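# Residue-level structural notes
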Amino acid sequence: MREPVETRRQRILAVVQSRGATRVSDLAAELAVSVVTLRRDVEELAREGRLRRGHGVARPLLPETERPAAPVAPPVDGGPVAVVVPERHAYLYEALHGARSAFEEAGVRIALHIAPTVPGAEQPIVERALAEGARGLLIAPRWRSRATEEADYAWLSRLEVPAVMMERRPRRGSPLHAVDTVCTDHWYGIHLAVEHLTGLGHRRIVLAARDDSPTARALRAAFTEIAAEHPDVDKWALALSTPGAAPDPAAESAQKPIDLPALLQELGATAAVLHGDVDALMLVQSLRDSGVRVPEDCSAIAYDDVVAALGSTPLTAVSPPKADVGRTAAELLLRRLGDRSPGGSAGPARRVELLPTLSVRGSTQVPPTAASAG
């Protein structure tokens, strides 16, 4: 069966946003369509303002909104900027593309370092990068648990080069409190999801989320606060979205697979917020395998919006401004590097928060009880 045009275009956007500039011919081969068809899709997406196109190339859109108003000072000559992100982290790879565009425009070379999934992996990587001449650092440590996070505070606070943390909020009063940070306001993201669901009439909601990153912990804390205080939420529950996505993946509780259909039935819930995208798509499939239809029986909202739109039912999703987070972090670091005043302080430390948005697709609707009452 031929793929719907909008689905194909969503796939084009997902590829371009994750990889950066991509040749039209490569996209056509990957998506198994003709170059003529692919070129027509790219032209239409560019006309709608959803990406940019060049000669034979599709490029991600670089939003102008929410950028700091002050111009970026030209950096002094020197070595590259070290960028450290966890391996296999599509969300932060999108932020990386935003950062790369800002550094390229400023003529600054970046040295990308991928940290493996072991505690303390970032420190030796950063030390080696600095020994090789890196003059600044943009970093998003994995921080699977609060203990691994706090173990990094001491050495990160002693860095002798400017550093900006991306999608990480060090504990208040910690040695890293005064380090520049750029984050998504995840409380607002959960607020958007809950308001959308309660606005449709859902009164019992489940959050199935990871628990192995600062973002995951922020989402769980926000949902607990919002659901407990919301006048239109009667019951709510938290669950782990996938086995092993916990601070201690070896713990017995972290290995127990989630039975989302049973949890929904036990709570009488008609809606779920699911973090992150891949886990969300798999959980939606588990619902269908159990005879629970999405959205007819249960509305679902994904959190991350990296591939949420590519499901057989495109998922309504909270979309953090991933590329803008990276770009803003890069611009903050460029200011530090470009400051030629004594001490190179470039002003006070900044803690920047950017607001996510909600993309409404086909996975949410009024609950079955409200529909039958109407």
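Residues numbered from 1 in each chain as written. Predicted model: local features only at pLDDT ≥ 70, side-chain atom pairs only at ≥ 80, totals over all residues. Heavy atoms only, no water.

What follows concerns the sheet that holds strand S5 (residues 110-115). Judged by pairing direction, the sheet is parallel, and its six strands sit side by side in the order S5-S4-S6-S7-S8-S14 without closing on themselves. This sheet does not close on itself; its edge strands, each paired only once, are S5 and strand S14 (351-354). Direction aside, neighbouring strands of the sheet carry axes that sit 15° apart on average. One ladder, built from six bridges, connects strand S4 (residues 81-86) with S5; its direction is parallel. Bridge assignment links Pro86 to a residue of S5, and that residue is Ala115. Here helix H5 (residues 122-131) sits on the sheet in contact with S4, S5 and strand S6 (136-139), set at roughly 160° to S5. (Pairing = 2+ DSSP bridges. Helix = DSSP H or I, 4+ residues; strand = E, 2+ residues; numbered from the N terminus. Axes fitted to C-alpha atoms, helices over the stretch in contact; angles between N-to-C directions. Contact = heavy atoms within 4.5 Å.)

Now for the pairing of strand S3 (residues 57-60). Bridge analysis of strand S1 (residues 22-23) against S3 gives two bridges, and the strand direction is antiparallel. From the neighbouring strand, Thr22 faces S3, where its bridge partner is Ala58. Where strand S2 (residues 51-54) folds back on S3, the antiparallel hairpin that results is connected by two residues, among which Gly56 adopts a positive phi of roughly 75°.

Evaluation of the coordinates by the stated rule reveals 19 salt bridges. A salt bridge links Asp41 to Arg9; the nearest nitrogen and oxygen atoms lie 2.8 Å apart. Here the residue Asp41 occupies a position in helix H3 (residues 35-47), and Arg9 occupies one in helix H1 (residues 5-19), the gap between them amounting to 32 residues. You can call Asp41 buried: its relative accessible area is 1%. The exposure class of Arg9 is buried, given its relative accessible area of 15%. A salt bridge links Asp180 to Arg336; the nearest nitrogen and oxygen atoms lie 2.7 Å apart. Of this pair, Asp180 sits in strand S8 (residues 180-184) while Arg336 sits in helix H12 (residues 322-338), placing them 156 residues apart in sequence. Of the two residues, Asp180 and Arg336, both sit in the buried class. (Salt bridge = Lys/Arg side-chain N within 4 Å of Asp/Glu carboxyl O. Buried < 20%, exposed > 50% of the residue type's maximum accessible area, 1.4 Å probe, protein only.)

Moving on: the sheet that holds S3. Backbone-to-backbone hydrogen bonds join strands into a sheet, with any given pair of strands oriented parallel or antiparallel. Ordered by their spatial adjacency, three strands build an open sheet running S1-S3-S2, and the pairing between neighbours is antiparallel. Two strands in the sheet have a free side with no partner beyond their single neighbour: S1 and S2. Together, S2 and S3 form the strand contacts of H3, whose direction differs from that of S2 by roughly 125°.

It is worth spelling out the packing of aromatic side chains at this point. Applying the stated rule across the entire model yields two aromatic pairs. For the ring pair Phe223 and Trp236, a centre distance of 5.9 Å and an interplane angle of 80° mean the geometry is edge-to-face. Taken together, the residues Phe223 in helix H8 (residues 214-229) and Trp236 in strand S10 (residues 235-240) connect sequence positions 13 residues apart. For Phe223, a relative accessible area of 1% translates into the label buried. (Phe/Tyr/Trp six-rings, centres within 6.5 Å; stacked < 30°, edge-to-face > 60°.)

So, on to the environment of Thr369. Its place among the elements puts Thr369 in helix H13 (residues 368-373). A C-alpha to C-alpha distance of 9.4 Å links Thr369 and Asp297, two positions 72 residues apart in sequence.

The next point concerns the pairing of S6. Looking down a regular strand, the side chains alternate between one sheet face and the other. Burial along S6 is two-sided: the residues Gly136 and Leu138 and Leu137 and Ile139 are all buried. Alignment of S4 against S6, held across four bridges, turns out to be parallel. Note on S6: the bridge partner recorded for Val81 is Gly136. Direction of pairing for S6 relative to strand S7 (residues 163-166): parallel, over a ladder of three bridges. Bridge pairing in S7 places Ile139 opposite Met165.

Let us look at the packing of helix H7 (residues 186-200) against H8. Helix-helix packing is described using two parameters, namely the angle between the two axes and the distance between the axes. With their axes 8 Å apart at the nearest point, H7 and H8 run at an angle of 50° to one another. One way to sum up the angle between H7 and H8 is to call them oblique. Helix-helix and strand crossings are classified by hand; for H7 and H8 the assignment is right-handed. Contact residues: His186, Trp187, Ile190, His191 and Val194 in H7; Thr215, Ala218, Leu219, Ala222, Phe223, Glu225 and Ile226 in H8. (Parallel < 35°, antiparallel > 145°, perpendicular 65-115°, else oblique. Left-handed = near helix turned anticlockwise from the far one by under 90°.)

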